[in-house]
Amino acid sequence: MIEQPKPSALSEQVQHMMEWLASYGRDEGGGVTRLLYDPAWCSAQQALASKMEEIGLTARYDDVGNLFGRMDGRDPQAKVVLTGSHVDTVIGGGKYDGAYGIIAALIAAEHLLTQYGPPLKPIEVVSLCEEEGSRFPLTYWGSGNITGTKERAAVAAVRDHHGVPFEEAMREAGFGLGQHPQPLRSDLDCFIELHIEQGQVLEREGQSIGVVSHIVGQRRYEITVYGESNHAGTTPMRWRHDAMFTAAEMIAALMHRAKGDPDGLVATVGRMEVKPNVGNVIAREVTFSLDVRHSSDEKIGNFCDEAFREFEVIAAEHGTSIVYRKWMDEASVGMDLKLQQAASEVLAREGISYRTMTSGAGHDSQVFGTFCPTALLFVPSRGGISHSPAEFTEKEDLERGVKLLIDLLYRLAY
Ligand code: HGY
Ligand code: MN
Ligand code: MN
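Please read all numbers here as calculations on a predicted model, not as lab measurements. (Residues numbered from 1 in each chain as written. Chains lettered and ligands numbered in written order. Predicted model: local features only at pLDDT ≥ 70, side-chain atom pairs only at ≥ 80, totals over all residues. Heavy atoms only, no water.)

### Section: the packing of aromatic side chains
Applying the stated criterion across every chain yields a total of 17 aromatic pairs. Ring centres of Y116 and Y414 lie 6.0 Å apart, and the angle between their planes is 65°; on these two criteria the pair is classed as edge-to-face. Within this pair, whereas Y116 is found in helix α3 (residues 99-116), its partner Y414 is found in the segment after α11 (395-413), the two being separated by 298 residues in sequence. According to the relative accessible area criterion, Y414 is partly exposed, its value standing at 22%. Consider the rings of F308 and Y324, whose centres lie 4.4 Å apart with planes at 25°: the pair is stacked. Of this pair, F308 sits in helix α8 (residues 297-318) while Y324 sits in strand β11 (residues 321-330), placing them 16 residues apart in sequence. Site record: aromatic cluster; members linked through ring pairs are Y37, W41, Y61, F136, W141, F166 and F175. Over the ring of W20 we find K51, and its NZ or CZ is 4.9 Å from the ring centre. Above the plane of the ring of F68 lies R185, whose end atom (NZ or CZ) is 5.0 Å from the centre. (Phe/Tyr/Trp six-rings, centres within 6.5 Å; stacked < 30°, edge-to-face > 60°. Helix = DSSP H or I, 4+ residues; strand = E, 2+ residues; numbered from the N terminus. Buried < 20%, exposed > 50% of the residue type's maximum accessible area, 1.4 Å probe, protein only. Lys NZ or Arg CZ within 6 Å of the ring centre and 35° of its normal.)

Here you go:
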């Protein structure tokens with residue numbers, strides 16, 4: 001049984017550090033907005049680098065902006081036990097998504113270093129630069145560069161919704177200039193990610209921890225309908241090529257198809273842009289997002305094929321046309337069985353309630369999972385709410401997650 005921090009001190013420490021990190025990007029809606037390479041993102045990474053040095057870790061960036069805090073191991077040949085999560089958020093997000101995994105890793109590393117001295121294998125805490133795809137239409141930029149599934153060419157023509165080129169934003173934040181080590185790693189022993197569940201299974205079942213068995217596959221598209229703008233008053237309905245009416249029928253058809261799916265496929269349209277976006281003008285162009293997820297990649301493919309066939313019929317009825325752009329296609333990934341077993345043994349020994357489960361949310365663990373042994377561990381989300389200022393996890397649950405991480409890292413690295 002390893003020496004753990006005193007409960008009250010630990011839960012206070014976790015809460016305090018969660019508020020501290022959330023202060024970088026606190027927005028007027030009471031949520032947190034930290035977007036890749038924006039000022040809040042830069043100041044959060046700088047603050048985390050200082051915190052890493054303060055607790056005895058050696059902080060460094062890689063050339064895309066991932067931040068690492070390293071605790072050297074006594075065995076110089078040993079590979080690195082990596083733990084952490086993403087520092088970026090959605091727009092108007094909560095303070096736990098991603099951030100909790102970074103804060104938990106910092107607290108765990110500090111406790112282990114203080115209590116047990118240097119580990120046998122090096123431990124690194126990582127603040128991954130981007131996971132959400134909130135600013136630019138691409139996801140997993142941090143973990144994708146570490147594992148080699150993302151490369152510089154992928155962002156050459158990418159711009160954010162304000163037209164800012166990715167390359168320009170990266171360079172202005174001090175990255176992509178060759179001033180830091182290249183991101184690709186070949187020295188990782190495993191990756192452990194602690195994260196909020198962002199769903200309601202643990203809360204409804206009264207479980208404290210989720211041990212993730214696999215993460216669902218997901219596809220994201222940008223779909224544009226092209227019609228013809230015209231006068232709202234003088235254009236009879238039968239003569240219109242209305243991009244808004246077309247898109248509305250497509251989205252309704254899509255949602256009814258997803259709602260009718262018998263085994264839990266989910267589809268979401270979360271963003272829409274209308275041109276010219278004027279009340280008395282028939283829309284000439286409507287662009288909407290599409291996010292489809294399921295544990296079966298084949299099922300996602302079939303769903304999209306059938307939905308898009310239906311879209312073509314709807315567009316033909318309106319005399320409009322469609323352009324699809326798939327910008328994300330992540331396969332469903334299984335988590336490492338031995339690490340799941342190790343986590344379950346710790347939880348069973350400590351008498352902490354847990355269950356094995358699927359993750360409906362995407363995570364950096366999905367990218368690491370095909371690169372090195374990976375574990376994803378959940379703590380409950382109140383009401384299952386996430387990607388919202390109302391995101392919340394009880395301090396006792398936050399603390400249990402940190403203690404599990406401490407125990408796991410001790411087993412893996414000491
Ligand atoms: O959207 C997701 O699944 C994750 O929160 N990025
Ligand atoms: Mn998220
Ligand atoms: Mn996340």
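We are not done yet, so read on.
### A word on the coordination of the manganese ion (ligand 3)
Bound to the manganese ion (ligand 3) on the protein side are H86 (NE2), D97 (OD) and H195 (NE2), at distances that span 2.1 to 2.3 Å. In primary sequence terms, the donor set of the manganese ion (ligand 3) follows H-x10-D-x97-H. (Donors = N, O, S within 2.8 Å, 3.2 Å for Na, K, Ca; no water.)

### Things to note about the coordination of the manganese ion (ligand 2)
Coordination angles at a metal have ideal targets, namely 109.5 degrees for four tetrahedral donors and 90 or 180 degrees for six octahedral donors. Coordination of the manganese ion (ligand 2) by the protein comes from D97 (OD), E132 (OE) and H387 (NE2), over a distance range of 2.0 to 2.2 Å. Along the chain, the residues that donate to the manganese ion (ligand 2) are spaced as D-x34-E-x254-H. Here the manganese ion (ligand 2) and the manganese ion (ligand 3) are spaced 3.5 Å apart, and both take D97 as a donor. Taken as a pair, D97 in the loop between β3 (80-86) and α3 and E132 in the loop between β4 (123-128) and α4 (141-147) lie far apart in primary sequence, 35 residues in all. Residue D97 is classed as buried on the basis of its relative accessible area, which comes to 5%. Residue classification places E132 among the buried residues on the basis of a relative accessible area of 7%.

### So, the packing of helix α9 (residues 337-350) against α11
Across the interface, α9 lies against α11 with an axial gap of 10 Å and an inter-helix angle of 125°. Classed by the angle they form, the pair α9 and α11 counts as oblique. Pair α9 / α11 crosses with right-handed handedness. Here L339, A342, A343, E345, V346, L347, R349 and E350 of α9 come into contact with α11, specifically with L404, D407, L408, R411 and L412. Taken together, the residues of the contact of α9 with α11 break down into eight nonpolar, no polar and five charged. (Axes fitted to C-alpha atoms, helices over the stretch in contact; angles between N-to-C directions. Parallel < 35°, antiparallel > 145°, perpendicular 65-115°, else oblique. Left-handed = near helix turned anticlockwise from the far one by under 90°. Contact = heavy atoms within 4.5 Å. Nonpolar A, V, L, I, M, F, W, Y, C, P; charged D, E, K, R; others polar.)

### Digging into the site of ligand 1
Taken together, E131, E132, Q198, Q218, R220, R293, A361, G362 and H387 form the complete shell of residues around ligand 1. Here an oxygen atom of ligand 1 sits 3.3 Å away from a polar atom, N or O, in the side chain of R220. Between R293 and ligand 1, the recorded distance is 2.5 Å, taken from a side-chain N or O atom to an oxygen atom. Coverage of ligand 1 by the protein chains reaches 93% of its 210 Å² of free accessible surface. Among the residues forming the shell around ligand 1, the class breakdown is one nonpolar, four polar and four charged. Of the residues that make up the shell around ligand 1, three or more belong to each of domain 1 (7-216 + 332-413) and domain 2 (218-330). (Near = heavy atom within 4 Å. Polar contact = N/O pair within 3.5 Å; in protein donor to acceptor, adjacent residues only side chain to side chain. Areas by Shrake-Rupley, 256 points an atom, 1.4 Å probe, with all protein chains shown as cover. Domains from an automatic or database assignment.)

### Structural notes on the domain arrangement of the protein
How big an interface is tends to be stated in terms of accessible area lost as the parts join. Per the domain assignment, the segments of the protein are domain 1 (7-216 + 332-413) and domain 2 (218-330). Between domain 1 and domain 2, the contact holds 15 residues from the first and twelve residues from the second. Three residues stand out in domain 1 for area buried against domain 2, namely P137, V216 and S332, and they jointly supply 42% of the buried area on that side. For the pair domain 1 and domain 2, the interface holds four residue pairs in polar contact (both at pLDDT 80 or more). Residue classes in the side of domain 1 that touches domain 2 are distributed as five nonpolar, eight polar and two charged. (Buried area = accessible area lost by both parts, 1.4 Å probe.)

### A closer look at unusual backbone geometry
Looking along the chain, the bond that leaves K275 and enters P276 is cis, with omega of 5°. As for its placement among the helices and strands, P276 is situated in the loop between β9 (272-275) and β10 (285-294). Even without being glycine, Y140 reaches a positive phi, approximately 60°. Note on placement: Y140 falls in the loop between β4 and α4.

### Comments concerning the pairing of strand β2 (residues 67-71)
By the criterion of burial, β2 is predominantly enclosed, with four of the five residues buried. Note that strand β1 (residues 58-61) and β2 share four bridges and pair antiparallel. Residue T58 lies in a different strand from β2, and its bridge partner there is R70. Hairpin connection from β1 to β2: five residues lie between these consecutive antiparallel strands, with G65 at a positive phi of about 105°. As defined by bridge partners, β2 adjoins β4 across five bridges and the pair is classed as antiparallel. Along β4, the bridge assignment pairs M71 with I123. (Pairing = 2+ DSSP bridges.)

### As for the environment of R271
Position of R271 relative to the elements: it lies in the loop between β8 (266-268) and β9. Assessed through its relative accessible area of 26%, R271 is described here as partly exposed. Taking the C-alpha atoms as reference points, R271 and T287, separated by 16 residues in sequence, lie 8.2 Å from one another. R271 has contacts with H161, E222, T287, F288 and S289, leaving out every residue within four places of it along the chain. Within the local environment of R271, its side chain forms a polar contact with the side chain of E222, the two groups lying 2.8 Å apart.

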